[in-house]
Amino acid sequence: MECVVQGIIETQHVEALQVLLQGLCGGRQEKLKIHEICLKSGTNLGVEASEVHLLCSLSQTDPVWTVRHVGGPMRGAGAEQLPAHVRSVLESSISSNALRFFYALGYKMDYELVRIGYVFQFQRVVPITVTATMLCKVPKLHAIDEAIPVTPGIQLVELTAPASTENYSEAVGAISSFAEHLAPLIHLSKPGVPTGVVPTASTAAASLVSRGAMKVS
Amino acid sequence: MNGVRSGRWQVTASQHRPIRRDQAVQVECARELLGVAFSEAPNKYYFVLRPDHMVVEADSTIQSIMENLQVYRNHLTVVFEGFQYQLGDFHVKAGRAVIAHSENLRGIVLEVEYLPVSSLGKTHQLMQEFVDIWQEVAAQSMTGRIVHLEPNFGDYSLSDQYSWQHTALQYISLMVHFLSQRTN
């Protein structure tokens, strides 16, 4: 399981977000470049239609493949009150013939995209991962070097934390609390809940970047 | 042969078949998905698709993912289990193959591993000589014959360096062999 909140930020403010995250948690920042392929089950295959994602991390020297299955969000009155989505997530590393494997099993590609940006990881009660990525569409089949931004100038920010049925309240509390620290730059909420950009983000970003520059000099 | 017993081992090989929502409608997919798990590598799981000549290696969580996807259903499982022995530079596993939950014995298995070298090409003759020694011993003291089964690793794009993927393919081949014996 995992808890997740997300929001959007203008690309010009991502540097300020990095400064803020470094200041808040001093965590490691790593570059992120992921080729993501969404696969859907073929006609009549399986108990019901299903979807699985193949992720190929291109940040390392050798590509690393992962298969990821995301379940629906937790339901019920209690879940709706939570400020974050809690959903089942299963991931497995897999050999590089993963795409050919799932095609052979009867899956078909629904779409593919490339995510380019940064990832921060740190510990605040629970392990928290922050990603700021630009989503890029792939104009021709698997032509990832030709990927172009879907929304130039806007990046997606996600906060996620692993959770279990025993501790999901704690995990939700941790990422919600951390999300408040990012409020000057970005509104974070459940996926699917529109947030928009923060009107005063430019002012906050300018202040953060100048403070960051002063620390360096 | 002065072998030293060094513990138990178990390999579980499963055969899965696709699930069709409407039985009257065909599905474009592999008709058989074979999977293997090793007690010595509990964090890994392997799939083999024979018509596609494919071996896939994944974390053991792939089994949970496949269960959630509900696209293939377990049809049959063969459990290989027994004891392992150290004989100098050779590591030998001896055991039985049974259909899971039935204790229906399908055969006896011998796995031989030469520890110092991982190259298939460099060890082929040496391994064959080791098997020949076992054939002589078996001929004198047992009924039945040892049948040396080795899949064509090259057909599956597996390298000369031996790996768990090679072992997975070998146990799938064993399972297929035992199941074919069953239908004869």
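In the block above lies the structure referred to throughout.
Keep in mind that what you see is a predicted model, and the values were worked out from it rather than measured.

This part covers the interface of chain A and chain B. Residue-level contacts link 27 residues of chain A with 33 residues of chain B. Both sides of the chain A and chain B interface together cover about 2,500 Å² of buried area, and 60% of this is carbon and sulfur. Scanning the region where chain A abuts chain B turns up one salt bridge. Measuring nitrogen to oxygen at the nearest pair gives 3.8 Å for the salt bridge that ties B:Glu28 to A:Lys108.

To continue, consider the side chain of A:Gln18. Residues and elements named next belong to chain A. Mapped onto the elements of the fold, glutamine 18 is located in helix α1 (residues 14-25). For glutamine 18, a relative accessible area of 15% translates into the label buried. Those residues in contact with glutamine 18 that lie beyond four places of it in its chain are Gln29, Tyr118 and Phe120.

So, on to the pattern of salt bridges. Within this structure, the stated rule accounts for 14 salt bridges over all chains. A:Arg68 serves as the salt-bridge partner of A:Glu2, at 3.1 Å between the closest nitrogen and oxygen. Here A:Glu2 is found in strand β1 (residues 2-10), whereas its partner A:Arg68 is found in strand β4 (residues 64-73), with 66 residues between them in sequence. Note that B:Glu81 and B:Arg96 form a salt bridge whose closest N and O atoms lie 3.0 Å from each other. Residue B:Glu81 is found in strand β5 (residues 72-87), and its partner B:Arg96 is found in strand β6 (residues 90-99); the two are separated by 15 residues along the sequence. Judged by relative accessible area, B:Arg96 falls into the partly exposed class, the value being 31%. Among the ionic contacts, a cluster of salt bridges with common partners joins A:Glu2, A:Arg68, A:Arg87 and A:Glu91.

Residue and element names in this part refer to chain A. Its location among the elements puts isoleucine 144 in the loop between β7 (126-137) and β8 (148-149). Sequence spacing of isoleucine 144 and glutamate 112 is 32 residues, and the spatial spacing of their C-alpha atoms is 9.2 Å. Every residue in contact with isoleucine 144, bar those within four places of it in the chain, is listed here: His35, Leu58, Val114 and Val138.

Rules behind the numbers
Residues numbered from 1 in each chain as written. Chains lettered and ligands numbered in written order. Predicted model: local features only at pLDDT ≥ 70, side-chain atom pairs only at ≥ 80, totals over all residues. Heavy atoms only, no water. Contact = heavy atoms within 4.5 Å. Buried area = accessible area lost by both parts, 1.4 Å probe. Salt bridge = Lys/Arg side-chain N within 4 Å of Asp/Glu carboxyl O. Helix = DSSP H or I, 4+ residues; strand = E, 2+ residues; numbered from the N terminus. Buried < 20%, exposed > 50% of the residue type's maximum accessible area, 1.4 Å probe, protein only.

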